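Observations on the model geometry
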Amino acid sequence: MMKVAASILIILFLGSCYLVWLDDQNWRDIIPIEFDLGSTLHSNSDLQGIREACGVHIYKLEETTLDKIKAEGLEFLNTAKQARGHSRFYYSYGEWMHTPRKDWKRPENWAYELMCAKMPAKLQGIIIDSATAPGSFYSHGQEKVLMVIPDHKILVLTHNG
């Protein structure tokens, strides 16, 4: 009986790990392939990809990508307009722009985008500070925004849908 219970617990644990990995892959596939992603620093959606939801996903950017951004800026970023795992227009992005974000004129413009899914206050502060100051970049897609913050070596995906 103990062996059966232990086997069930192991299967449940492995299944949970697989679902977490699968969810992470789902969000990574929404980011253009031009970005070499490192570890996942934060990933939270209010429904974890089961259906349309609001979320924030933050990834470490690899040095190769940061070097391209530093060398080429918007020229490089404007090659990154289609999600790596999708070909439909819904998964495309528009022109990349320099921060400060012009669409964040009032606090309520960013409040829902960043607060609809729980995230650490430190990361939220980095995003808000970087979005309202020069030095970072952002692009809009349908129901989503990508933001590259070179000073902190991160890429941020926010979505509402």
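If you're wondering where the values come from, they're calculated on a predicted model, not measured in any experiment. (Residues numbered from 1 in each chain as written. Predicted model: local features only at pLDDT ≥ 70, side-chain atom pairs only at ≥ 80, totals over all residues. Heavy atoms only, no water.)

The next subject is the overall build of the protein chain. Across its full length, the protein chain holds 5 helices and 6 strands. For the protein chain, the sequential pattern of α-helices and β-strands runs α-β-β-α-α-β-α-α-β-β-β. Within the span of the protein chain, comprising 161 residues, buried residues form 41% of the whole. For the protein chain, restricting intrachain contacts to residue pairs at least 6 apart in sequence, the fraction spanning at least 24 positions comes to 62%. Just so you have it, the protein chain exposes about 9,100 Å², and 62% of that area is on carbon and sulfur atoms. (Helix = DSSP H or I, 4+ residues; strand = E, 2+ residues; numbered from the N terminus. Buried < 20%, exposed > 50% of the residue type's maximum accessible area, 1.4 Å probe, protein only. Contact = heavy atoms within 4.5 Å. Areas by Shrake-Rupley, 256 points an atom, 1.4 Å probe, with all protein chains shown as cover.)

A few words now on the pattern of salt bridges. Throughout the structure, instances matching the rule amount to 2 salt bridges. The salt bridge involving lysine 81 is made with glutamate 95; its shortest N-O contact spans 2.4 Å. Within this pair, whereas lysine 81 is found in the loop between α3 (74-77) and β3 (97-98), its partner glutamate 95 is found in the loop between α3 and β3, the two being separated by 14 residues in sequence. Taking relative accessible area as the criterion, lysine 81 reaches 24% and is therefore assigned partly exposed. (Salt bridge = Lys/Arg side-chain N within 4 Å of Asp/Glu carboxyl O.)

On to unusual backbone geometry. The linkage connecting threonine 99 with the following residue, proline 100, adopts the cis geometry, with an omega of 10°. Structurally, proline 100 is set in the loop between β3 and α4 (107-115). You will see that lysine 153, though not glycine, has its phi angle at about 60°, which is positive. If you trace the backbone, lysine 153 turns up in the loop between β5 (144-149) and β6 (154-160).

Before going further, it helps to spend a moment on the side chain of histidine 57. Within the element layout of this structure, histidine 57 appears in strand β2 (residues 54-61). Judged by relative accessible area, histidine 57 falls into the buried class, the value being 0%.

Let us look at the pairing of β5. Most of β5 sits inside the fold, with 6 of its 6 residues counted as buried. Neither face of β5 is exposed, since Lys144, Leu146 and Val148 on one face and Val145, Met147 and Ile149 on the opposite face are all buried. As judged from the 5 bridges shared by strand β4 (residues 137-141) and β5, these two strands associate in the antiparallel manner. Within β5, the position partnered with histidine 140 by the bridge is valine 145. Linking β4 back to β5 in an antiparallel pair, the connection comprises 2 residues, with glutamate 143 at a positive phi of about 60°. Note that β5 and β6 share 6 bridges and pair antiparallel. Bridge pairing links lysine 144 to histidine 159 in β6. Between β5 and β6, which pair antiparallel in sequence order, lie 4 residues; one of them, lysine 153, sits at a positive phi of approximately 60°. (Pairing = 2+ DSSP bridges.)

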